[in-house]
Amino acid sequence: MARLNRRSMLGALPAAPFAGGLVARASTLDDKSREVTRMRYFPNVELITHLGKKVRFYDDLIKNKIVVINFMYADCEGICPAITANLLRAQKLLGDRVGRDIFMYSLTLSAEKDTPEVLKHYAAMHGVKPGWLFLTGKPDEIDGLRRSLGFSTGNLKLDKEKTNHIGMVKYGNERREWWGMVPGKAKPTWIVESILWMDDTKVSKPAAQP
Amino acid sequence: MANISKRNRRLEKAIMDASKNRRELIAAQLSRRDLIKMGLLTSAGFLIPKNGLSARAPQFGGGSFGDGNCYGFYGRGGTPVSPPTTPYLEAMPIPPIAQPVLNADALTGPLPQAAPNTAAGEGRTRAHQAFTTLPPQKYYEVHQREADIIVHPELPVQKLWTFNGTVPGQTYVANYGQPILVRNFNDLPPNNGGFGIQSVSTHLHNGHTPSESDGFPCDFFAVTKWYDQHYPNVLAGFASTHPPNGDINESMSTLWYHDHRVDFTAQNVYKGLAGFYLLFNQFDTGNESTGFRLPQFPEFDIPMMFNDKNFDPLNGPTPGKLVFDLANRDGILGDKFLVNGKIQPFFNVKRRRYRFRWLNGGPSRFYQFYITKQDNTNHPFWVIANDGNLLPNPVLMTNGVRIAVAERMDVIVDFSTFAPGTKLYINNRLEQCDGAGPSDNIVSASQGNKVLELRVTSDTVTDGSVNPATNPHFYNVPAREPEDITRCFKFDRENGQWVINNEVFACDDVRFKVKRNNAERWQLEGGFDWQHPIHIHFEEHQIISRNRNTPTLIERGRKDVVRLGENDDVELFFRFRDFVGRYPMHCHNTIHEDHAMMLRFDIDDVGNSNESCDDDHHR
């Protein structure tokens, strides 16, 4: 990048609030890189939502979206209810953006037991709003998805335990190839802040840190 | 559960295959050269087992037979194994020395000021604490930007993120008593090529730096923004225990800077955002005829940053491209070893003493470095500084030196006894098969990762540097005082989530407050099965005890990273003097760090007793 002199930099400053938007339009971005990322991490497997609809993981749920992904199972006790409660508060804080440009997905670690009906009951019981889908599918495919998405560990003994995959929430922006994780037990405001970093229509501000 | 047992069977088969392959290879009595030619042995000395197994850390299970080879089964298809590269083709680069601009007025943008210049696009949120009391005497300007970088002549040009165009970034050469200001621009490109985020916070590890210039993980700033970082280059104690100049025994020498953006540190540093920052004073002068007479800078005083990385296979859609595993939460191990940004380079040395400043730049691997001769015998060296802090005296190392991520070891290596043409190797002999940490196996010298070839030249050369064998004295370990409080920290994993005292990181979560200038004792405890290099920002600590024992000689100094082995119990002595503000403590396995194994503490003039060992919340 050419070195800016003071004048050109000052000239550029009034445009700064829109820079993110300009960047977003200017870049169809690196399609080859996105393709490799897709192949490596986002198998396009078929899943069923808690509303009974068949969807493809990459095509329908990930592509061109800001997403929030976690793993759970309906009869999980311990920390699971607290994490679900945190995500519910996050959904509330994000308001009608969930389902519009931010999408939340909870995938089951117990695909045999967690049928769409079970998940529908779970979502209703917790008061989940539209834009947040609970997903099940073929057990081996969901297990592959779990590992592709990084809800796993190289320690096979630990990897067998479902409870070792419920602590994290993945967030990302597929088009920008931004992928991070935030703990599900974090405060809902912090979860929301992490998710909003993925919004490239705004210039990101420093984190709130009173 | 059916999946698990199926995977286990496949894993078992894979391990058996690997073992069989090895036996076949040994039976065939192939030489090392044959194996390299066949692509079955990496230049680093690792066998590449057949059938999709590789020397890289296994994603899903695996391990070692104690022979220096990691065998694993990749549960996820398509995990790349880096292409073979011929070792020692290119000279090791030495990062350029940063040059100041003429004066403050020569900086791009407005004149620096104490308050954040938000209106002019500065990303800083807090005023400089020492701008008027320790005013900058030199001004630097750095642009974080993408650049085309060659990591190896047999691999394609990489698009990396850099400070002013090089990886590692330019080396700052600073002096105590000479404060500087660095104007830091974020000019990163819209396209990240697969990983990294275009907002940054640059940490100076481990300066005695006011919080607003420290590179706190939450002080990140966006593209088109800039950030003035004021480095006072002042000794700890200057405004408290040792006015007005600080405690000379708190002098630091080898620092580094790197991106610290919360949740994205591993990705951004892996992509290139790191460099050296060296501090000199009247004793550690850079001139071998003055002060401690350490080898002359920059001719014989050489910074070396070690990294391990992975590259896509040549037959894939993105051949030979740097790849970061976004799905790894244990720790990323690379199968290519880079020194100052090049894969297995060489370095010409003259027949005399050198000071090498070794830095483990991550992301996750632990090293144990030896200097290995061509006949695979060991050449001892002296450690003179740990984490950039000169020890009281040099320590002769006959069994290598271990370095975790972010640790630095300054060593003196003597090449005067070698004939011209002799080759030696910096050789990592520590076996590590996954991100959890190394095993305790030290592999044979012939099986290590020979990351750098040292070639002794025939040049005649003088050597005015001090001979470490004469046991020169450097600094004393600063006197400790009774602690005002003892705090306890347990580093563990819970529901697959890294935690400190069962809690996770958030920018606005102040876990405890340290009263400025107080002395504290911190007890750090490691969890089962995992090793963590723990870094605490701001002031250097002393290790009081490790598992209730006196630490080893090279740990009896000052440090800013402490290695926590499995179930280790380490006691640290701390003071937090002179400045106030927010700082983190975190695991420097950058993958753990990015998964919330971090906490924020604040220094103020009141303090509190949170996280104290008496708090039954934690014990």
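Residue positions are given per chain, counting from 1 as you read along its sequence in written order. Labels are handed out in written order, letters beginning with A for the chains and numbers beginning with 1 for the ligands. In keeping with the predicted nature of the model, local features appear solely for residues at pLDDT of at least 70, side-chain atom pairs appear and are counted solely at 80 or more, and the whole-chain, interface and lining totals rest on all residues.

A. Here's a closer look at the overall build of chain B. In terms of helices and strands, chain B carries 5 helices and 35 strands. Residues are treated as contacting if the C-beta atoms built from their backbones sit within 7 Å of each other. Residue pairs at least 24 apart in sequence account for 75% of intrachain contacts in chain B once pairs closer than 6 positions are excluded. Helix and strand definitions here come from DSSP, where helices need a minimum of 4 consecutive H or I residues and strands a minimum of 2 consecutive E residues; each element is numbered from the N-terminal end.

B. Layout of the overall build of chain A. On a plain count of helices and strands, chain A comes out with 9 helices and 7 strands. Any residue whose C-beta has 12 or fewer other C-beta atoms within 10 Å is treated as exposed, any with 20 or more as buried, and any in between as partly exposed, C-beta atoms being built from the backbone. A buried classification covers 45% of the 210 residues belonging to chain A. Pairs at least 24 residues apart make up 69% of the contacts formed inside chain A by residues separated by at least 6 positions.

C. Representation of the sheet that holds strand β33 (residues 569–575) of chain B. All names here are of chain B. The strand order across the open sheet formed by 5 strands is β27-β26-β29-β33-β31, and the pairing between neighbours is mixed. Every interior strand has two partners, whereas the edge strands, β27 (497–500) and β31 (542–546), have only one. Neighbour-to-neighbour, the strand axes of the sheet open up by a mean angle of 20°, direction not taken into account. Strand pairing follows a simple DSSP-based rule, namely that at least 2 bridges must link the two strands. Here 7 bridges tie strand β29 (residues 519–526) to β33, and the two strands are oriented antiparallel to one another. The residue bridging Glu-520 from the neighbouring strand is Phe-574, located in β33. Axis lines are fitted through C-alpha atoms, for helices just across the contact stretch, and the angle between N-to-C directions can take any value from 0 to 180 degrees.

D. Quick peek at the sheet that holds strand β3 (residues 138–149) of chain B. All names here are of chain B. A sheet is described by the order of its strands in space; here 4 strands give the open sequence β4-β3-β6-β10, paired in mixed fashion. Taken across any chain shown, the strands that pair with only one partner, and hence form the sheet edges, are β4 (158–163) and β10 (226–231). Within this sheet the neighbouring strands show an average axis-to-axis angle of 20°, counted without direction. Where β3 meets strand β6 (residues 180–186), 7 bridges bridge the pair, whose relative direction is parallel. Counted as the bridge partner of His-143 is Phe-185 from β6.

E. How the structure looks around the environment of Leu-51 of chain A. Residues and elements named next belong to chain A. Here Leu-51 lies in the loop between β1 (46–49) and β2 (54–56). Judged by the 13 C-beta atoms lying within 10 Å of it, Leu-51 is partly exposed. Residues Leu-51 and His-165, 114 residues apart in the sequence, show an inter-C-alpha distance of 24 Å.

F. Molecular detail of helix α5 (residues 80–94) of chain A. Residues and elements named next belong to chain A. Helices are assigned an expected span. That span is 1.5 Å times one less than the residue count. The end-to-end C-alpha distance of α5 is 21 Å, a good match for the 21 Å that 15 residues give at a rise of 1.5 Å each. Within α5, the full set of buried residues consists of Cys-80, Ile-83, Thr-84, Asn-86, Leu-87, Ala-90, Gln-91 and Leu-94. For α5, the angular spread of buried residues about the axis comes to 160°, placing them on one side. Looking at α5, the residues exposed on the side facing more than 90 degrees away from the buried face are Pro-81 and Ala-82. For this quantity, the arc is that covered by the directions from the helix axis to the C-beta atoms.

G. Structural view of the nonpolar core. All names here are of chain B. Any nonpolar core is a set of buried residues, restricted to Ala, Val, Leu, Ile, Met, Phe, Trp, Tyr and Cys, that join up through C-beta atoms within 7 Å. In this structure, Tyr-277, Trp-358, Val-411, Leu-524 and Ile-534 are the most contacted members of the largest nonpolar core, which totals 194 residues. Examining the composition of this core, we find that 6 residues originate from one element, strand β12 (residues 274–280), more than from any other. Here Val-411 is in contact with Phe-356, Trp-358, Phe-381, Trp-382, Val-383, Ile-384 and Val-401, once residues within four sequence places are set aside.

H. Here's a closer look at the packing of α5 of chain A against helix α9 (residues 188–196) of chain A. All names here are of chain A. Two numbers describe how α5 lies on α9: the axes approach to 8 Å, and their chain directions differ by 55°. Overall, the two elements α5 and α9 adopt an arrangement that is oblique. When you trace α5 past α9, the crossing you get is right-handed. Across the interface between the two elements, Asn-86, Arg-89, Ala-90, Leu-93 and Leu-94 of α5 pack against Pro-188, Thr-189, Ile-191, Val-192 and Ile-195 of α9. To sort the angles, those under 35 degrees are grouped as roughly parallel, those over 145 as roughly antiparallel, those from 65 to 115 as roughly perpendicular, and the leftovers as oblique. In this scheme, a crossing is called left-handed if the near helix is turned counterclockwise away from the far one by less than a right angle; it is called right-handed if the turn is clockwise.

I. Helix α3 (residues 31–41) of chain A, seen in detail. Residues and elements named next belong to chain A. Taken residue by residue, α3 has Arg-34, Val-36, Thr-37, Arg-40 and Tyr-41 as its buried positions. The buried residues of α3 occupy an angular sector of 160° when the element is viewed end-on, so they sit on one face. Structural note: α3 exposes Asp-31 and Glu-35 on the side pointing more than 90 degrees away from its buried face. On its buried side, α3 packs onto α7 (139–148).

J. Here's a closer look at the confidence of the model for chain A. Of all residues in chain A, 82% attain a pLDDT of 70 or more, and the chain-wide mean is 85. On a scale of 0 to 100, pLDDT captures the predictor's confidence in every residue. Low confidence marks residues 1–28 of chain A, where pLDDT is under 50. Its contacts with residues over four positions away, or in another chain, come to 33 contacts.

K. Layout of the environment of Leu-102 of chain B. Residue and element names in this part refer to chain B. Note that Leu-102 resides in the loop between β2 (70–72) and β3. Leu-102 sits in the exposed class, given 8 other C-beta atoms within 10 Å. When the C-alpha atoms of Leu-102 and Tyr-140 are compared, they prove to be 8.9 Å apart, with 38 residues separating the residues in sequence.

L. Spatial organisation of the pairing of strand β30 (residues 532–536) of chain B. Residues and elements named next belong to chain B. Within β30, 5 of the 5 residues are buried, which leaves the element mostly enclosed by the surrounding structure. The two faces of β30 match: His-532, Ile-534 and Ile-536 on one face and Pro-533 and His-535 on the other face are all buried. Bridging between β30 and strand β32 (residues 561–564) involves 4 bridges; their strand directions are antiparallel. What sits directly across from His-535, in β32, is Val-561. The pairing of β30 with strand β34 (residues 581–587) spans 3 bridges and is classified as antiparallel. The partner of His-535 across the bridge, within β34, is His-586.

M. Quick peek at the confidence of the model for chain B. Residue and element names in this part refer to chain B. Mean pLDDT over chain B stands at 89; residues scoring 70 or higher make up 86%. Across residues 1–62, confidence stays below pLDDT 50; counting only partners more than four residues off in sequence or on other chains, it has 106 contacts. Two numbers describe this predicted complex: its pTM, 0.89, and its ipTM, 0.87.

N. Highlighting unusual backbone geometry. All names here are of chain B. At the junction of His-205 and Asn-206, the peptide bond is cis and its omega measures out at 10° in the coordinates. Note on placement: Asn-206 falls in the loop between β8 (202–205) and α3 (211–214). Of note, the amide linkage connecting Phe-297 to Pro-298 takes the cis form, showing an omega dihedral of 0°. Looking at the element boundaries, Pro-298 is found in the loop between β12 and β13 (301–311). The residue Asp-529 is not glycine, and still its phi comes out positive at about 80°.

O. Seen up close, the environment of Leu-188 of chain B. Residue and element names in this part refer to chain B. By the element assignment, Leu-188 lies in the loop between β6 and β7 (199–200). Here Leu-188 falls in the buried class, since 25 other C-beta atoms lie within 10 Å of it. Residues Leu-188 and Ala-119 lie 69 residues apart in sequence; the distance between their C-alpha atoms is 21 Å. Beyond its immediate sequence surroundings of up to four residues, Leu-188 is in contact with Gln-144, Arg-145, Glu-146, Trp-161, Gln-198 and Val-223.

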